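Coordinate analysis (summary)
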Amino acid sequence: MVLEVRNMSKQYRKKNTKVEVLKNVSYKFEKGKFYWINGKSGAGKSTLIQILGLLLSPSEGKILIEDIDVGMLSDNERAKIRNQKIGFVFQSFYLNPLMKAYENVMLPMYINQNYSKEERKAETLRLLEMVGLKDRTKHFPKELSGGEQQRVAIARALANHPEIILADEPTGSLDPENEKKVLTFLKQLAKEGKCVIVVSHNPITKEYADKILLIEEHNIREEKSYEK
Amino acid sequence: MKNKLFLATFYQLRRKSNLFNIFFIGIFTFLTVLFGSYNSSAIHYMKYDIYDSVKQKTLIVSKSQEELEMEEITLDDVREDLNKLEYVTNVARFASFRNYLYSPSLENSKQSGYVELYASNNSVLPEIVEGTNFIEENKYTMICPQNFFAIDNLEDLWYMKKKDGISTNNLLGQIIPFEYKSNSGMRTYTIELQVVGLYKNNKYHVDENVCYVDESVLEEVLYNQYSDDNDDENGVSNLVYQTDFAIQVDELKNRELVEKELIDKGYSTSPMSTVATAYFDDITKKMNSMTFGILSIIFLFVLIVLQKKYKEEKSQYQLMVYLGYSKKNIRFIYNISNIFNIILSCLCALLISFIPIFIFYKILSIYPFLFHKWRLIVNYMPILMIFLVSLVANFITSIFHTIYLFEDENE
Ligand SMILES: Nc1ncnc2c1ncn2[C@@H]1O[C@H](COP(=O)(O)OP(=O)(O)OP(=O)(O)O)[C@@H](O)[C@H]1O
Ligand SMILES: [Mg+2]
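The following refers to the structure shown. Just so we're clear, the structure is a prediction, and the values are computed from it rather than from any experiment.

As a further point, take the pattern of salt bridges. Tallied over the full model, the rule gives 19 salt bridges over all chains. Its salt-bridge partner being A:Lys33, residue A:Glu30 comes within 3.1 Å of it at the nearest N-O pair. Two residues, B:Glu312 and B:Arg15, come together in a salt bridge whose shortest N-O distance is 3.6 Å. Pair noted here: B:Glu312 is in helix H10 (residues 277-322) and B:Arg15 is in the loop between helix H1 (2-8) and helix H2 (16-50), with a separation of 297 residues, a long-range link. With a relative accessible area of 33%, B:Glu312 lands in the partly exposed category. You can call B:Arg15 buried: its relative accessible area is 12%.

Right, here's the structure in full:
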């Protein structure tokens, strides 16, 4: 079990108002599967992704990554898990505008220096080649198209060989062609044994998904009828 | 650690707005260096150069009339006594020690105005570079500075350029008439003094209008000023019985020794300071308030800059959290990056200061302007002040920012 949510609830509190988003959610995510998380706007998809990515703490319940309760870990240790075990892909790409493509990809390896300088370089080039941007390494994000930027972001998410890929609307800003490219890519990663979790409104994602999860009434419901 | 430091420092230079801020703060810091330097030069001039001059080597010595009568000694005895003191180079009756006399409009307007005449003798004259000392045959002589300039008001001298004075050839041998009125203003006297010698101007002391004459000449002037008044016989007698002497010490450092000895001998002493301190106080006040103004501007500017920088970079900091930095790391990077910018601003100010000041020095060596009387002192202290002010601004903003940086998650 690479990622597990156990009796997890999340409320946002602001002064006197309390927004109940997720309530007593339990689910086990496995390696090698492509999860499509679907749900109405405001249902709590982004909230769930952020909790899974250790960016938000649940109000109640536990998150376990490789059977380790991350709630018991220090801020530093959680940061390390984000760096080593989780890759993020966002709708807005979220690249650093002051860094060239290869620097963006290298950043997670740069943050925790497990690689030597040469290894870092080689790995960065490998990743950029994998997403088909070998000849655009020295370009700044603003010099790349949306699809290219998202591929840089995916390459960055794969730095440090994470087991979990979390994507919140990864194709939201892309045209159908690039959308297809990105989803194929994520599917490929799932096949290679990673746990890929994609939040999306787009029904086309269904074609790539191994499991479909619906967030409804503060909880996750797996569409059992659907299994590829 | 290395990576965090890089992201907090040199990486920051990629952001153009940061470069602009650094330069902007640098310029303002340079201005404070300018003001500070002007201030320091003026203060240095007043504290060290002027005080080192003839006036500060002068002491007023007196013994009360009663004491003189009790000890049964005359003023001549006192003069003899004072003359015997070590380090003392000139003794003159204070009443005649110096006097401002007006030289009326002459052909050369530079000779018109007030001249400060000091009672002197050959043993205490400054270095004579042309002409002679006082001569036996004629007591109505005077020794003038090489660069001579009668003034209407003292401030003129601070800004006077060397070439404004009267050239040497012109002055030597000339007979300059002076006018003065009796105390009641009823009678006008004239006295003519011939310039027999020229002394070398003190580089740092305002002495363009200071001339030396024999003591007896000044005494004569004083008698005329008082004796004219028929109703007040006391005027002259007061002068006669005035017990004050002015003495000059050979070097400033010996003044204390002389003072001590005089007190031991039962004299009372007081220094004679006629420095236009008000003028300097005025400069200092203006410069200080300008520096304070700039400091406040910088403080506000740094606050605004840090606020702007925080807004620009907030999402990038959050991204770095996604990619594996802890909140502590981010706080570290954020604070170091701010401090880095501040340090760079100060370095920038140093650089901006160095070049113009270097050029300024070069120009001064050719055209000294008002600095022919001043020693130019460059004061880099404001940079330190700005550094501290910026640090305070950084500290204030950073407290708020590091709280709000992760505000969303804390809910
Ligand atoms: N920081 C926050 N403070 C308070 N309420 C929040 C906060 N973030 C999200 N919410 C609320 O929680 C609920 C779930 O938000 P979330 O962003 O997870 O929805 P979502 O499913 O991703 O929606 P969308 O499809 O529009 O992206 C919403 O009602 C939202 O208003
Ligand atoms: Mg969302």
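What follows covers the sheet that holds strand E2 (residues 88-93) of chain B. Sheet strands line up and pair through hydrogen bonds in the backbone, either parallel or antiparallel. Residue and element names in this part refer to chain B. On the basis of which strands lie adjacent, the open sheet formed by four strands has the order E2-E10-E1-E11 and antiparallel pairing. At either margin of the open sheet sits one strand with a lone partner, and together these are E2 and strand E11 (268-271). Taken over all neighbouring pairs, the strand axes of this sheet differ in orientation by 25 degrees on average, direction set aside. Inspection of the sheet shows strand E1 (residues 58-62) paired to strand E10 (residues 245-249) by four bridges, in the antiparallel sense. By the bridge assignment, Leu59 is partnered in E10 with Ile247. Sheet strands in contact with helix H4 (residues 75-83) are E1, E2 and E10, and its direction is about 165 degrees off that of E2. Contacts from helix H9 (residues 255-264) reach E1, E2, E10 and E11 within the one sheet, and its direction differs from that of E1 by about 0 degrees.

All right, on to the pairing of strand E9 (residues 210-214) of chain B then. All names here are of chain B. In terms of burial, E9 is a largely internal element, four of the five residues being buried. The sheet contact formed by strand E4 (residues 113-120) and E9 spans five bridges and is parallel. Pairing of Ala119 across the sheet is with Val213, part of E9. By the bridge criterion, two bridges tie strand E6 (residues 141-145) to E9 in an arrangement that is antiparallel.

Next up on the list: the interface of chain A and chain B. Between chain A and chain B, the residue contacts involve 27 residues of the former and 24 residues of the latter. Buried surface at the junction of chain A and chain B, summed over both partners, amounts to about 2,400 Å²; 56% is from carbon and sulfur atoms. Looking only at chain A, the three residues that lose the most surface to chain B are A:Tyr94, A:Leu98 and A:Ile111, adding up to 28% of its buried area. At the junction of chain A with chain B, the criterion picks out one salt bridge. With a shortest N-O distance of 2.6 Å, A:Glu103 and B:Arg14 are connected by a salt bridge. Inspection of the chain A/chain B interface yields nine residue pairs in polar contact (both at pLDDT 80 or more).

Given 3.6 residues per helical turn, the α-helix brings residues three or four places apart onto the same face. All names here are of chain A. With respect to burial, helix H1 (residues 45-52) is a largely interior element, six of its eight residues being buried. Considered for burial, the residues of H1 that qualify are Lys45, Thr47, Leu48, Ile49, Ile51 and Leu52. A positive backbone phi angle near 60 degrees is found at Leu54, which sits one or two residues after H1.

Bringing the site of ligand 1 into the picture now. Residue and element names in this part refer to chain A. Ligand 1 sits among Tyr12, Val21, Lys40, Ser41, Gly42, Ala43, Gly44, Lys45, Ser46, Thr47 and His201. The contact in question runs from an oxygen atom of ligand 1 to an N or O atom on the backbone of Gly44, over 2.9 Å. For ligand 1, an oxygen atom lies 2.5 Å from a polar atom in the side chain of Thr47. Calculation on ligand 1 without its partners gives an accessible area of 630 Å², and the protein chains cover 64% of this total. A total of three residues in the shell around ligand 1 trace back to one element, the largest contributor, which is H1. Its residues placed into classes, the shell around ligand 1 shows three nonpolar, six polar and two charged.

Right, let's get into the nonpolar core. Of all hydrophobic cores here, the largest spans 54 residues; its most connected members are A:Leu3, A:Phe29, A:Ile197 and B:Leu7. In terms of residue count, the dominant contributor to this core is H10(B) (six residues). When residues no more than four places from it in sequence are discounted, the contact partners of B:Leu7 are A:Met99, A:Leu107, A:Tyr110, B:Gln12, B:Met320, B:Tyr325 and B:Ile333. In terms of nonpolar packing, the next biggest core, distinct from the first, is built from 35 residues, B:Ala92, B:Phe134, B:Met142 and B:Ile176 among them.

In this section: unusual backbone geometry. All names here are of chain A. Although it is not a glycine, Asn24 adopts a positive phi angle of roughly 50 degrees. Here Asn24 shows up in strand E2 (residues 17-29). With relative accessibility at 46%, the residue Asn24 sits in the partly exposed group. If you check the backbone angles, His161 has positive phi at about 50 degrees while not being a glycine. Tracing the chain through its elements places His161 in the loop between helix H5 (146-158) and strand E7 (164-168).

Looking now at the sheet that holds E2(A). All names here are of chain A. Pairing is antiparallel in the open sheet, where four strands are placed in the order E2-E1-E4-E5. Pairing within the sheet leaves two strands with one partner each, and these edge strands are E2 and strand E5 (68-69). Strands in contact with H1 are strand E1 (3-14), E2 and strand E4 (60-65); relative to E1, the strand with the most contacts, it is inclined by about 120 degrees.

Rules and cut-offs
Residues numbered from 1 in each chain as written. Chains lettered and ligands numbered in written order. Predicted model: local features only at pLDDT ≥ 70, side-chain atom pairs only at ≥ 80, totals over all residues. Heavy atoms only, no water. Salt bridge = Lys/Arg side-chain N within 4 Å of Asp/Glu carboxyl O. Helix = DSSP H or I, 4+ residues; strand = E, 2+ residues; numbered from the N terminus. Buried < 20%, exposed > 50% of the residue type's maximum accessible area, 1.4 Å probe, protein only. Pairing = 2+ DSSP bridges. Axes fitted to C-alpha atoms, helices over the stretch in contact; angles between N-to-C directions. Contact = heavy atoms within 4.5 Å. Buried area = accessible area lost by both parts, 1.4 Å probe. Polar contact = N/O pair within 3.5 Å; in protein donor to acceptor, adjacent residues only side chain to side chain. Near = heavy atom within 4 Å. Areas by Shrake-Rupley, 256 points an atom, 1.4 Å probe, with all protein chains shown as cover. Nonpolar A, V, L, I, M, F, W, Y, C, P; charged D, E, K, R; others polar. Core = buried A, V, L, I, M, F, W, Y, C linked by side-chain atoms within 4.5 Å.

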